[in-house]
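In case you want the letters, here they are:
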Amino acid sequence: MTLPTRDTRVTYPDGALTTTTEVVHVAPLGDGGLAVITDTTSFHPVDAAWPDQPADAGVLRTGAVAVPIRDAVVAATDGAELFLGGDIPVRKGTAGWAFLVAHLVGDDAAIAQGDEVQIESDASVRAALSIGHTACHVASLALNRALAGSWSKPAREDALGSPDFDGIAIATSRIEPNDSIDTYRLNKSLRRAGFDTGAVADDLLDALAATIDATLADWADQGAAVRIERDGDGLTDRRYWVCEVPGGTARIACGGTHVAALSELGRVQVRFELGEDAGTPVLSMRTTAHRDH
Ligand SMILES: [Zn+2]
């Protein structure tokens, strides 16, 4: 069976939940499941390099049968072999490689290359992850703004012109339904770059959170709109999250899914915690969108 030579086309960046498409490859997996690759998909997969947003939930319909999709991951092939997720040996976009969305299903699914299938993502799961992801981006911008006075040297700037604490210190980012958790390393290189880690001391964190919450409420009140811009419809074509906040347009490289306006987030609240990882102080920020308020 030949392997695809072109990236999977993706429609989820535009908000699509369903697509009718052709199966271009089916590969058996070591764990007894199958990886189903289609020409096009509306199903958001977890990224291999920066796995912040989990995969959608949903089904793949073939004839009258709805096959549950257990997970969806990025795959890549050089034409000879198929690699999944963390096993991909090259960087995304490497010439001569096709980057694919692999829908993982049980091996009892009767699916073959050439079949026409419908792919359906669950709307409520997608909406909750889109809310979590948009809230995560705006909270990071509001965090950078709140900490802008805590730098003694010029630092790289974020999309709105504040020193990019988020981009410089981030260690991990995880998107959850209506929620996200970012962790930041408060290490020596951050201090050498001019950041005063005293600004995120334990007794200042509640006030910092309140400042960020107020900024986010203000941006949402002013009707800030969100959109995705992209260079093409292939999985590896560059995509950007663009948000028109008062005083500027934020543009951040991002492959995830998002809501269309900050007003859809409801009241957004951040909470901080200090911890440590092998002796390095770590700040974590949990961002929660309370849609019911
Ligand atoms: Zn993102």
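Residues numbered from 1 in each chain as written. Predicted model: local features only at pLDDT ≥ 70, side-chain atom pairs only at ≥ 80, totals over all residues. Heavy atoms only, no water.

### A closer look at the coordination of the zinc ion
Point 1. Looking at the metal site, the zinc ion is ligated by His-133 (NE2), His-137 (NE2) and Cys-254 (SG), spaced 2.1 to 2.2 Å from it.
Point 2. Site description for the zinc ion: donor spacing in sequence, H-x3-H-x116-C. Highlighted residues: His-137 in helix H1 (residues 123–146) and Cys-254 in the loop between strand E15 (248–253) and strand E16 (267–277), separated in sequence by 117 residues. With respect to class, His-137 is no different from Cys-254; both count as buried. (Donors = N, O, S within 2.8 Å, 3.2 Å for Na, K, Ca; no water. Helix = DSSP H or I, 4+ residues; strand = E, 2+ residues; numbered from the N terminus. Buried < 20%, exposed > 50% of the residue type's maximum accessible area, 1.4 Å probe, protein only.)

### Section: the packing of H1 against helix H4 (residues 205–221)
Point 1. Contact pair H1 / H4: the axes reach a minimum separation of 9 Å and the direction vectors enclose 125°. Compared by their axis directions, H1 and H4 come out oblique. Judged by the twist between their axes, the crossing of H1 over H4 is right-handed. Facing H1, whose interface residues are Val-138, Ala-139, Leu-141, Ala-142, Leu-143, Arg-145 and Ala-146, H4 presents Leu-208, Thr-211, Ile-212, Thr-215, Leu-216 and Trp-219.
Point 2. Each residue belonging to the contact of H1 with H4 can be placed in one class, and the counts come to ten nonpolar, two polar and one charged. (Axes fitted to C-alpha atoms, helices over the stretch in contact; angles between N-to-C directions. Parallel < 35°, antiparallel > 145°, perpendicular 65-115°, else oblique. Left-handed = near helix turned anticlockwise from the far one by under 90°. Contact = heavy atoms within 4.5 Å. Nonpolar A, V, L, I, M, F, W, Y, C, P; charged D, E, K, R; others polar.)

### What about the sheet that holds strand E17 (residues 280–290)?
Point 1. An order of E11-E12-E17-E16 is seen for the four strands of this open sheet, with the pairing classed as antiparallel. Two strands close off the open sheet at either side, each with one partner strand: strand E11 (170–176) and E16. When the angles between neighbouring strand axes are averaged without regard to direction, this sheet yields 15°.
Point 2. Bridging between E11 and strand E12 (residues 179–185) involves six bridges; their strand directions are antiparallel. For Ile-170, the partnering residue across the bridge sits in E12 and is Tyr-184.
Point 3. Relative to E11, H1 is tilted by about 145°, and along the sheet it contacts E11, E12, E16 and E17.
Point 4. Here H4 sits on the sheet and contacts E16 and E17; the angle it forms with E16, its principal contact strand, is near 145°. (Pairing = 2+ DSSP bridges.)

### Re the nonpolar core
What tends to happen in soluble globular proteins is that the nonpolar side chains get buried as a cluster.
Point 1. In terms of nonpolar packing, the biggest core is built from 43 residues, with Leu-143, Phe-165, Trp-219, Trp-241, Leu-262, Leu-265 and Phe-272 touching the most fellow members.
Point 2. Counting only elements with at least two residues in this core, the list comes to H1, helix H2 (165–169), H4, strand E13 (226–230), strand E14 (239–245), E15, E16 and E17.
Point 3. Look past the residues within four positions of Phe-272 in its chain and what remains in contact with it is Leu-143, Leu-205, Leu-208, Ala-209, Ile-212, Leu-283, Ser-284 and Met-285.
Point 4. Listed in part, the 25 residues of the second largest apolar core include Val-23, Leu-60, Ile-69 and Ile-88. (Core = buried A, V, L, I, M, F, W, Y, C linked by side-chain atoms within 4.5 Å.)

### Overview of the pattern of salt bridges
Point 1. Taken as a whole and assessed by the stated rule, the structure comprises 15 salt bridges.
Point 2. Residues participating in the shared-partner salt-bridge network are Arg-6, Arg-9, Asp-39 and Asp-233. (Salt bridge = Lys/Arg side-chain N within 4 Å of Asp/Glu carboxyl O.)

### Overview of the pairing of E14
Both faces of the sheet carry side chains from a regular strand, because those side chains alternate between them.
Point 1. By the criterion of burial, E14 is predominantly enclosed, with six of the seven residues buried.
Point 2. Here E13 pairs with E14 via five bridges, running antiparallel. Bridged to Arg-230 within E14 is Arg-239.
Point 3. Pairing between E14 and E15: six bridges, direction antiparallel. Residue Cys-243 lies in a different strand from E15, and its bridge partner there is Ala-250.
Point 4. In this antiparallel pair of consecutive strands, E14 and E15, the connection spans two residues, and Gly-247 shows a positive phi of 90°.

### Let's talk about the sheet that holds strand E10 (residues 116–121)
Point 1. Strand order in this open sheet of eight strands is E6-E5-E10-E2-E3-E9-E7-E8, and the pairing throughout is antiparallel. For this open sheet the edge positions go to strand E6 (65–69) and strand E8 (82–84), each flanked by a neighbour on one side alone. Pairwise comparison of adjacent strand axes, ignoring direction, gives a mean angle of 40° for this sheet.
Point 2. In terms of strand pairing, strand E5 (residues 58–62) meets E6 through five bridges, oriented antiparallel. Residue pairing for E6: Gly-58 is matched across the bridge by Ile-69.

### What about the packing of aromatic side chains?
Point 1. Applying the stated criterion across every chain, the model contains four aromatic pairs.
Point 2. With 5.1 Å between their ring centres and 45° between their planes, Phe-165 and Tyr-184 make a pair best called tilted. Linking Phe-165 in helix H2 with Tyr-184 in strand E12, this pair joins segments that are 19 residues apart in sequence.
Point 3. Judged by relative accessible area, which is 0%, Tyr-184 ranks as buried.
Point 4. Consider the rings of Phe-165 and Phe-195, whose centres lie 4.9 Å apart with planes at 45°: the pair is tilted. Here Phe-195 lies in the loop between helix H3 (188–192) and H4 and Phe-165 lies in helix H2, a separation of 30 residues in the sequence. Each of the two residues, Phe-165 as well as Phe-195, counts as buried.
Point 5. Here the aromatic residues Trp-151, Phe-165, Tyr-184 and Phe-195 are joined through ring pairs into a cluster of three or more.
Point 6. In this arrangement the basic side chain of Arg-251 is found over the ring face of Tyr-240, its NZ or CZ atom lying 4.1 Å from the centre. (Phe/Tyr/Trp six-rings, centres within 6.5 Å; stacked < 30°, edge-to-face > 60°. Lys NZ or Arg CZ within 6 Å of the ring centre and 35° of its normal.)

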